Amino acid sequence: MDGQGQGQGQGQGQDRLANRHQARTPLHAKALIEELDHKQLVVLRDGRKIVGLFRSCDQFANLVFQNPYERIIVGKQYCDLPLGSIYLVRGENVVMMGRVDEGREIPSTLQLVSPAEIRKAQQAEKEEQLIRGTMLKRLDFLDLE
Amino acid sequence: MLFYSFFKTLTGKEVTVELKNDLAITGILHSVDQYLNIKLNEIKVVDEAKHPHLLAVKNCFIRGSVVRYIQLPQDAVDTDLLHDATRREARNAA
Amino acid sequence: MLPLSLLRAAQGHPMLIELKNGETYNGHLVNCDTWMNVHLREVICTSKDGDRFWRIPECYIRGNTVKYMRVQEEVMDKAVEDQKKFRKHGQGRGGRGRGGRGRGSPSYRGRGGSGDRGGYRGNSNR
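Residues numbered from 1 in each chain as written. Chains lettered and ligands numbered in written order. Predicted model: local features only at pLDDT ≥ 70, side-chain atom pairs only at ≥ 80, totals over all residues. Heavy atoms only, no water.

Under an unreviewed UniProt entry, the name given to chain C is U6 snRNA-associated Sm-like protein LSm4, and the source organism is Chloropicon roscoffensis. Note on chain C: under the UniProt heading Sequence similarities (unreviewed entry), the record states "Belongs to the snRNP Sm proteins family." (UniProt positions renumbered as here; feature names shortened; annotations may be inferred.)

Chain B goes by Sm-like protein LSM2 in an unreviewed UniProt entry, where it is assigned to Chloropicon roscoffensis. Regarding chain B, the UniProt comment filed under Function (unreviewed entry) reads as follows: "Component of LSM protein complexes, which are involved in RNA processing." Reading the Subcellular location (unreviewed entry) entry of the UniProt record for chain B gives the comment "Nucleus".

Report on the interface of chain B and chain A, specifying residues and quantitative values.
Counting residues at the interface gives 22 residues for chain B and 26 residues for chain A. For the pairing of chain B and chain A, the buried interface totals around 2200 Å² over both sides, and the portion due to carbon and sulfur atoms is 62%. Considering only the surface of chain B that becomes buried against chain A, B:His53, B:Phe61 and B:Arg63 emerge as the three largest contributors, covering 32% of it. Our count for the chain B to chain A interface comes out at three salt bridges. In this structure, the salt-bridge partner of B:Lys39 is A:Glu34, at a minimum N-O distance of 2.8 Å. Applying the counting rule to chain B against chain A returns eleven residue pairs in polar contact (both at pLDDT 80 or more). At the level of elements, strand S2 (24–32) and strand S4 (57–62) of chain B are the ones that each hand at least two residues to the side of chain B that touches chain A. Grouping the amino acids of the side of chain B that touches chain A by side-chain chemistry returns 13 nonpolar, five polar and four charged. Inspection of the sheet shows strand S6 (residues 94–100) of chain A paired to S4(B) by four bridges, in the antiparallel sense. Note on S4(B): the bridge partner recorded for A:Met97 is B:Phe61. (Contact = heavy atoms within 4.5 Å. Buried area = accessible area lost by both parts, 1.4 Å probe. Salt bridge = Lys/Arg side-chain N within 4 Å of Asp/Glu carboxyl O. Polar contact = N/O pair within 3.5 Å; in protein donor to acceptor, adjacent residues only side chain to side chain. Helix = DSSP H or I, 4+ residues; strand = E, 2+ residues; numbered from the N terminus. Nonpolar A, V, L, I, M, F, W, Y, C, P; charged D, E, K, R; others polar. Pairing = 2+ DSSP bridges.)

So what about the confidence of the model for chain C? Which residues, and what values?
All names here are of chain C. The share of residues in chain C with pLDDT of 70 or more is 71%, and the mean pLDDT across the chain is 81. Between the elements of chain C, mean pLDDT differs from a low of 86, seen in helix H2 (residues 73–92), to a high of 97, seen in strand S5 (residues 66–71). Confidence drops under a pLDDT of 50 for residues 107–126, and excluding neighbours within four residues, the segment shows 43 contacts in the predicted structure. Two numbers describe this predicted complex: its pTM, 0.77, and its ipTM, 0.89. (pLDDT = per-residue confidence, 0-100.)

Explain unusual backbone geometry to me, using residue names and the numbers behind them.
Comment: phi is negative for the bulk of residues other than glycine, and the bulk of peptide bonds are trans. Notably, B:Glu42 is not glycine yet its phi reads approximately 50°, a positive angle. Among the secondary structure elements, B:Glu42 is positioned in strand S3 (residues 38–45). Phi angles above zero are rare outside glycine, and C:Glu42 is one such case at about 55°. By the element assignment, C:Glu42 lies in strand S3 (residues 38–46).

Help me get a handle on helix H4 (residues 115–142) of chain A, residues and values and all.
The terminal C-alpha atoms of H4(A) lie 41 Å apart, and with 28 residues this matches the ideal 40 Å at 1.5 Å per residue to within 8%. The first or second residue beyond H4(A) is A:Asp143, which carries a positive phi of 55°. (Expected span 1.5 Å × (residues − 1).)

This is the structure in structure tokens:
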């Protein structure tokens with residue numbers, strides 16, 4: 001099967017990256033192969049959401065993205081932070097990955113803001129959650145029935 | 001391999017996957033692999049407001065290692081068959 | 001082109017590595033292996049909060065501590081070139097190179113099946 005793929009590639013002069021992958025990748029990575037060369041949103045274990053052109057993967061779900069950006073959404077504001085040209089994510093840090101529907105990418109309710117503003121909003125949200133956390137702990141201590 | 005085979009019988013059914021990061025996603029089970037990585041179609045995030053990023057995503061791939069629970073429709077599961085298969089696997093493994 | 005091939009092609013190039021603990025390491029890649037262990041030179045290490053910096057002449061990072069890596073665009077072009085060159089050679093010898101074991105990437109064809117050797121054990125999560 002591999003020989004066939006190679007012969008075709010030579011004949012056409014330009015292989016499709018996906019085709020080459022398909023010929024040489026074991027079954028358990030086929031799920032990801034279908035998504036190659038599409039814009040994907042990947043959620044990492046640390047909570048980051050990265051959007052980029054999905055270029056490569058392997059059986060550990062190590063992923064390669066081209067021209068990715070980090071999409072940060074806080075409340076009604078969002079910001080896309082560019083992350084350079086090539087990004088290689090180690091598979092064990094991946095939670096999930098989904099194809100981004102170009103038309104529905106940004107809900108109309110969201111407002112684009114600058115990186116500085118979104119950082120401020122993130123800080124505010126973090127502090128709010130910290131306060132909420134400490135308050136809940138205090139209430140817990142009171143042991144209200 | 002038991003659960004891999006088991007999930008293969010559930011493709012096309014609607015399931016809810018709860019992840020270790022507390023994200024819960026409902027969708028149609030499209031495929032599963034030997035690592036129990038899951039591909040879901042037509043996904044709907046359970047708490048949509050908390051995860052606005054995923055509104056644009058219709059199909060997703062979930063790494064098996066991050067799954068906490070998979071909620072299945074009861075009528076899709078033949079528990080007797082599952083019991084037998086479990087006992088067989090246990091016998092073969094011993 | 002597999003992710004680990006991309007990493008191999010990055011040898012000699014500058015790159016940024018963020019670890020699971022949030023530290024970032026900026027340096028030139030000297031060497032790497034199938035478990036994503038890397039050897040860097042002329043490294044600037046930045047703490048998680050971005051407030052402290054260290055300059056380290058060289059360092060070794062164990063692959064399983066990596067969160068992600070950033071490389072330059074030209075590394076990808078180089079990786080694709082390398083793969084074309086490799087395949088040309090492999091075909092010349094009757095396709096021996098195709099299994100890829102010589103290049104250090106995990107082989108998953110034929111030899112006893114599931115291909116979970118080598119790098120697979122590096123993934124402690126599984």
